[in-house]
Amino acid sequence: MKRIVNSEEMKFCDSSTITHFGVPSIVLMERAALSVVSRIPEEFIKDGSILIACGSGNNGADGLAAARMLYQKGCDVTVARVPDNGRCTQENKMQLSILNKYKIRVVDSIPQPDAYDCIIDALFGVGLSRPPEGVYAQWIYALNQKSGYKIAVDLPSGVSSDTGQVYPACFQADLTVTFAYYKIGQILYPGCEKCGRVVVEQIGITDDSWLSRSPSCFMPDQEDLYQLPHRPKRSNKGTFGRVLVIAGSTNMAGAALFCAKAAYRTGCGLVKIYTPDKNRVILQNALPEAIIAAYDESIYEESVYEESMYEESSYAIKKDTANEEVSAIEKASAIEKVSAIGEYTTNEKVSSDKHTAFEKGNPLLDAIQWADVIAIGPGIGTGPGARRILEQTLKEARVPLVLDADALNIAAADPQLLSTASSPLILTPHLGEMARLTGRQVLEIQNTMISTAREFAGRHQLVVVLKDAVTVTASPSAAYLNTSGCNAMAKGGSGDVLTGMIAALLAQGMEAEKAAVMGVYIHGLAGEAAARQHGEYSVLAADLIESIGSIMKKYRECEGTK
C-alpha cells in the first residue's frame, strides 16, 4: 500500500526528518529543487525561457533554489517573487540572497506580455488552507493565461492538499512534481484534474520519519495483488467459500446475475441466489453454476399483512387490559383479526414474534445458515417485502454481510436497522445513497469524501465503500483511495459486480477491510482492461465480469515468479 498524506502529516514527516534525524532543512530543499529541475524538458533548459513564480514560504524557497540551478545550466530564467513585506521563512530569505549575489533576474510582478516556454508555480505548496486572495489570486490568474508548459512544485496553488477542493483561483498544471508521498488533494477530484501528471520524487523523507505514527490514508497498487487469497492445490469448492446473493425482483434479474457471476469469477467456490421465483428460469439459463433458492413474493406480502394486523390488534387489546377506553367495535375487530391468524385468549398476550408467518415455507433462514458470506440488496426493491428480508438477514446472519443498492436505501429510511446486525458489515453506497444514509447533500459529501466515510464507519463500526470516480474505502481506523478504473465503468450493473467481488474475497478468508479495498482495486483494473478491449463508450457490466479473470490470472503469473 502506498502512503497518502494530508498537509499535517507531511509537515510532521518533514519536521521529524529535520529535528529527530538531524537532516538539515536546506538539504531537503536542495534535493526538492533538483528533482523539479530534472523534470523540466531539456529543450526548455537549452533553448527556451522559464518563469518561476515564488511565494514567501518554503515552497517559494524551493522555486528560488530551482531558479539558481537552472541559471547555472545556462537557462534563461526569470523569477517573479510576491512581495513579502518582511514576512518570509529563513530558508526563503537565504535562497533569495543567493539569487541576488548571482544577479539572477528577480521581479515583483508577473512580467507582461513576455512569453515563456515553461512556467513554474512555487507559490504555496501543501500549506494552503484558504482561498488565495489579493495579489496571490491575481498572480495565479495571470500565470494560467500565459501559454507554455506548466509545472507545479509539490501541489498546484489553489488546490486543498487535504480534500482535493479547488478554490476559484487555482493554477492549472501539466505536471506536478511532489515530494516523498502523494497528497490527498492530488488523488481526489477535482484537485487531481488541476495537477496534470503527478510524479513523486524522493528527497530524503522516508517511512522512518513517521516515528511511532501510522498514516491515516493509503492507496493500493499492483504489489498488493500478492495479498489475494492463496489457492491450495488440495482443495474443493467448499475450500473457497459459499456466497449467498440476496438480489433481484420482478424485472430485475440482471442485478442478481451480475453479482453472482462476479462472485464466481473472483474465486469463490459456491454461489446461491435467493431471488423471487419469477427469476428462476432466467438465472438458471444465464448462470447454471449457481444454486437457485427461489421464493414466492406473496409470502412476504402475507407476512407484512399479518404483522400489521397483529400490531393493530395488540394495541387495542393492551389498551383494554390497562382499563383504557376501548370501543366495543374496536375490541371486536381486534379479536376477529387475531382469531383469523391464530387462537386468541384474553388471558394471554398476542405473540409479537415476527418469525411466525415468515418461516412458513420460506427458505431464507436455511440459506443464511448455509452461507459463509452474504451479499444483499441489488435489485430487491424497497417495498415491505424487501425490508422484511433485510431485517431478517441482519438479525439472523452470523457471517460477514455486504449491503448494496436497495439494502442501503431501506437502511437509510430506518438507520437503526444497521445496529441489529451482529456480523461484520460492508456498505457500498454511491454518493446519492450516502446522502440518504447521512442526511447530507451530495455536494457536501463530494467535498468531504474521506471524513464522511470515516465518520460513518466509526459511528456504526463497519466498513464503507464510498463510490465515486475515486472511491474511498474507510474503516474506523483508516481510509483508502482507489485510483484504478475509468469512465467506461459508468454503466448500470457495475456496482452489482463490485458487490459480488467483495463477497467472494470475504468468502475466501479475507477480513472485511482488506476485502473491500482489494475488491474495489481489482474492479477498477477489470474496468481498465475492458475499456482497452471494447473502448470507453462500449463497456457493459458483463464485460467487467469477463475481465476479472485476466486480472486474477496476471496476479497468479506474477506470484509464480516472485
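Reading the values: rules and limits
- Residues numbered from 1 in each chain as written.
- Predicted model: local features only at pLDDT ≥ 70, side-chain atom pairs only at ≥ 80, totals over all residues.
- Heavy atoms only, no water.
- Helix = DSSP H or I, 4+ residues; strand = E, 2+ residues; numbered from the N terminus.
- Buried < 20%, exposed > 50% of the residue type's maximum accessible area, 1.4 Å probe, protein only.
- Contact = heavy atoms within 4.5 Å.
- Areas by Shrake-Rupley, 256 points an atom, 1.4 Å probe, with all protein chains shown as cover.
- Pairing = 2+ DSSP bridges.
- Axes fitted to C-alpha atoms, helices over the stretch in contact; angles between N-to-C directions.
- Phe/Tyr/Trp six-rings, centres within 6.5 Å; stacked < 30°, edge-to-face > 60°.
- Lys NZ or Arg CZ within 6 Å of the ring centre and 35° of its normal.
- Expected span 1.5 Å × (residues − 1).
- pLDDT = per-residue confidence, 0-100.
- Salt bridge = Lys/Arg side-chain N within 4 Å of Asp/Glu carboxyl O.

Helix and strand counts for the protein stand at 22 helices and 19 strands. Taken over 562 residues, the protein has a buried fraction of 54%. Contacts in the protein between residues at least 24 apart in sequence constitute 72% of all its contacts with a sequence separation of at least 6. With an accessible surface of roughly 24800 Å², the protein has 49% of that area assigned to carbon and sulfur atoms.

Overall, parallel pairing links the 7 strands, which are arranged S4-S3-S2-S5-S6-S7-S9 in an open sheet. One side of each edge strand has no neighbouring strand; the edge strands of this open sheet are strand S4 (106-107) and strand S9 (197-201). Note that strand S3 (residues 76-81) and S4 share 2 bridges and pair parallel. Opposite alanine 80, over in S4, you have valine 107 as the bridge partner. Along the sheet face, helix H6 (residues 134-145) touches strand S2 (49-54), S3, strand S5 (118-122) and strand S6 (149-153) and points at about 160° away from the line of S2.

Inspection of the entire model under this criterion finds 6 aromatic pairs. Ring centres of tyrosine 274 and tyrosine 295 lie 4.5 Å apart, and the angle between their planes is 25°; this geometry places the pair in the stacked category. With a gap of 21 residues between them, tyrosine 274 in strand S12 (residues 270-276) and tyrosine 295 in strand S13 (residues 291-295) connect regions that are remote in the sequence. Assigned by exposure class, tyrosine 274 and tyrosine 295 land together as buried. Above the face of the phenylalanine 12 ring, arginine 213 is positioned so that its terminal group lies 4.6 Å from the ring centre. It is arginine 242 that lies over the ring of tryptophan 370; its NZ or CZ is 5.6 Å from the centre.

It is worth spelling out helix H2 (residues 25-38) at this point. Compared with an ideal rise of 1.5 Å per residue, which puts 14 residues at 20 Å, H2 spans 20 Å between its outermost C-alpha atoms and is within 8% of the ideal. Restricting attention to buried positions, one finds in H2 the residues Leu28, Met29, Ala32, Ala33, Ser35, Val36 and Val37.

Taking strand neighbours across the sheet as the criterion, the 12 strands line up as S8-S1-S10-S19-S18-S17-S16-S15-S14-S11-S12-S13 in an open arrangement whose pairing is mixed. Both outer strands of the open sheet, strand S8 (182-183) and S13, are each paired with one neighbouring strand and no more. Both strand S15 (residues 401-403) and strand S16 (residues 425-427) contribute to a ladder of 3 bridges, which runs parallel. Residue pairing in the sheet places leucine 401 in a bridge with leucine 425 of S16.

The sheet contact formed by strand S1 (residues 2-5) and strand S10 (residues 217-219) spans 3 bridges and is antiparallel. Residue pairing across strands places arginine 3 opposite phenylalanine 218, the latter belonging to S10. Relative to S8, S1 runs parallel, the two sharing 2 bridges. Bridging from a neighbouring strand, valine 5 pairs with lysine 183 of S8.

The two faces of strand S19 (residues 479-482) match: Ala479 and Leu481 on one face and Tyr480 and Asn482 on the other face are all buried. The pairing of S10 with S19 spans 2 bridges and is parallel. In the sheet register, cysteine 217 faces S19, and the bridge partner there is alanine 479. Taken together, the 4 bridges between strand S18 (residues 471-474) and S19 define a ladder with antiparallel strand orientation. Its bridge partner lying in S19, valine 472 is registered against leucine 481. Counting the residues between successive antiparallel strands, the hairpin from S18 to S19 contains 4 residues.

With that out of the way, let us pick up the confidence of the model for the protein. If pLDDT is low for a region, its predicted coordinates should not be looked at in detail. For the protein, per-residue confidence averages 90 on the pLDDT scale, and 88% of positions sit at 70 or higher. Predicted confidence is poor over residues 305-326, with pLDDT under 50, and the contacts of this stretch with residues over four places away or in other chains come to 29 contacts. In the predicted structure, residues 333-358 sits below a pLDDT of 50 and forms 36 contacts with residues beyond four places in sequence or in another chain.

A few words now on the pattern of salt bridges. With the rule as written, the count across this model stands at 17 salt bridges. Arginine 3 is paired through a salt bridge with aspartate 207; the nearest N and O atoms lie 3.7 Å apart. Highlighted residues: arginine 3 in strand S1 and aspartate 207 in the loop between S9 and S10, separated in sequence by 204 residues. With a shortest N-O distance of 3.2 Å, arginine 280 and aspartate 277 are connected by a salt bridge. Given the relative accessible area of 28%, arginine 280 is considered partly exposed. Residue aspartate 277 is classed as partly exposed on the basis of its relative accessible area, which comes to 42%. Counted as one network, the salt bridges with shared partners bring together Arg387, Arg388, Glu391 and Asp414.

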